[in-house]
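Breakdown of the fold
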Amino acid sequence: MKKFQKFSELSKGNRAFRIVNDVLAVAMIAICVVMLVIFGKKGDPNNRLLVTIAVLVVTIIPYIIEQIMRRRFSNVFLFGFLSYMVVAGIIGSVFNVYYTEFWYDRFVHTLMGFIFAMVGLIIVSKLTDYKKLSVSAVIFFVFTFSLAVECVWELFEWFTDLYLGQTAQGGAFPGDIPLVTDTMEDILCNFSGAILFCVYFVIGKFSKVSLGIKSIELQLAGRQCERKFFKKKETIEMQSEEKKEDNESVEEIKENDVMLENIDNKLINEDKLKKEKSQKQEKSTEEKQKNHQTIKNIKQ
């Protein structure tokens, strides 16, 4: 059975960054719990109960995945994810800013397009050798991934509004824009955010101004090397176990051979003893017969 793998050690800078992320996550969870208590006592006129529960669960998910996979998320990714959840989940949904500031929803969807394009960059680096990918392939993947996430999100909004009585797409208050228009504006803003990340990626990749892209790429490459190291380590351990089992099998075979050889020797010795005993008996019989004949001759 495999040993429970420990998390790799963090450097001092990454440890401090991780503490910031953990404090941010704990603060978000605390806010959600307090708001749930408030909704329970004072009511929920704006249908924020379910979305608050969703924000609470989604905030915890990265930490659950880390425990299952025994791998830490990049601090940059985790901070981006938690920051987005603060902007979109806590401020926008839990505190209902989407309905008090008309521009806020467009801002969040643009930010969503940018952040999930970055998530796409991390995902594509895990699926294949990142260094061998062309820039156009990376841009195509991150762009389409961001739009795919937006599509799933809009389906989620439609489902919650239609079947759970929520107001994610608007339309419940006077002056709200039509639902189809809201959906198309959200997709367009996400599209803009994804395009913005692609431009940001190209500038950081090819210009003297890195914009943090080179740092992210180094981190991704480092994580690939780490995965290759652990994979190679597992392979070596498996080969070692197989070799040990083979050695044990060889030892067992040798022991069986020795046992069979001992049995053969024992049988040979037993046969030899039987033959010697038989020869002695025959010799004794011959002597008796000779003596008997001698005595008979004397009497005559």
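As the structure is a prediction and not an experimental result, all values here were calculated from the model.

Take the packing of helix α1 (residues 12-42) against helix α3 (residues 75-94) next. It is at 10 Å that the axes of α1 and α3 come closest, and there the two elements cross at 20 degrees. The pairing of α1 with α3 is recorded here as roughly parallel in orientation. Crossing angle aside, the handedness with which α1 passes α3 is left-handed. Counted together, Asn14, Phe17, Arg18, Asn21, Leu24, Ala25, Met28, Ile31, Cys32, Met35 and Phe39 of α1 and Asn75, Val76, Leu78, Phe79, Leu82, Ser83, Met85, Val86, Ile90 and Val94 of α3 form the full contact between these two elements. Grouping the constituent residues of the contact of α1 with α3 by class yields 16 nonpolar, four polar and one charged.

Here the focus is the side chain of Thr52. By secondary structure assignment, the location of Thr52 is in helix α2 (residues 49-69). Not counting chain neighbours up to four residues away, the residues in contact with Thr52 comprise Cys32, Met35, Leu36, Phe39 and Val94.

A few words now on the packing of aromatic side chains. Applying the stated rule across the entire model yields eleven aromatic pairs. Ring centres 6.1 Å apart and planes at 80 degrees place the aromatic pair Tyr84 and Phe116 in the edge-to-face group. Residue Tyr84 is found in helix α3, and its partner Phe116 is found in helix α4 (residues 104-127); the two are separated by 32 residues along the sequence. For Tyr84, a relative accessible area of 10% gives the class buried. Aromatic pair Phe197 and Phe201: ring centres 6.4 Å apart, planes at 25 degrees, arrangement stacked. With Phe197 and Phe201 both in helix α6 (residues 179-206) and four residues apart, this pair spans about one turn of that helix. Each member of the pair, Phe197 as well as Phe201, carries the same accessibility label: buried. In textbook terms, an aromatic cluster arises when at least three aromatic residues are bridged by ring pairs, as seen for Phe114, Phe197, Tyr200 and Phe201.

A separate point is the pattern of salt bridges. Tallying each qualifying case throughout the model produces three salt bridges. The closest approach of N and O atoms between Arg18 and Asp22, which form a salt bridge, is 3.4 Å. One end of the pair, Arg18, and the other, Asp22, are both in helix α1, four residues apart, so they sit about a helical turn from each other.

With that out of the way, let us pick up helix α5 (residues 135-163). Turn by turn, an α-helix covers 3.6 residues, leaving residues three or four places apart pointing in a common direction. Between its terminal C-alpha atoms α5 stretches 42 Å, which fits the 42 Å expected from 29 residues at 1.5 Å a residue. Residues Val138, Val142, Phe143, Ser146, Val149, Glu150, Glu154, Glu157, Thr160 and Asp161 constitute the buried set of α5.

Axis separation between α2 and α3 bottoms out at 10 Å; the angle between their running directions is 175 degrees. Here α3 runs roughly antiparallel to α2, going by the angle between their axes. Residues Val51, Thr52, Val55, Val58, Thr59, Pro62 and Tyr63 of α2 pack against Leu78, Phe81, Leu82, Met85, Gly89, Ile90, Ser93 and Val94 of α3. Counted by class, the contact of α2 with α3 contains eleven nonpolar, four polar and no charged residues.

Thresholds applied
Residues numbered from 1 in each chain as written. Predicted model: local features only at pLDDT ≥ 70, side-chain atom pairs only at ≥ 80, totals over all residues. Heavy atoms only, no water. Axes fitted to C-alpha atoms, helices over the stretch in contact; angles between N-to-C directions. Helix = DSSP H or I, 4+ residues; strand = E, 2+ residues; numbered from the N terminus. Parallel < 35°, antiparallel > 145°, perpendicular 65-115°, else oblique. Left-handed = near helix turned anticlockwise from the far one by under 90°. Contact = heavy atoms within 4.5 Å. Nonpolar A, V, L, I, M, F, W, Y, C, P; charged D, E, K, R; others polar. Phe/Tyr/Trp six-rings, centres within 6.5 Å; stacked < 30°, edge-to-face > 60°. Buried < 20%, exposed > 50% of the residue type's maximum accessible area, 1.4 Å probe, protein only. Salt bridge = Lys/Arg side-chain N within 4 Å of Asp/Glu carboxyl O. Expected span 1.5 Å × (residues − 1).

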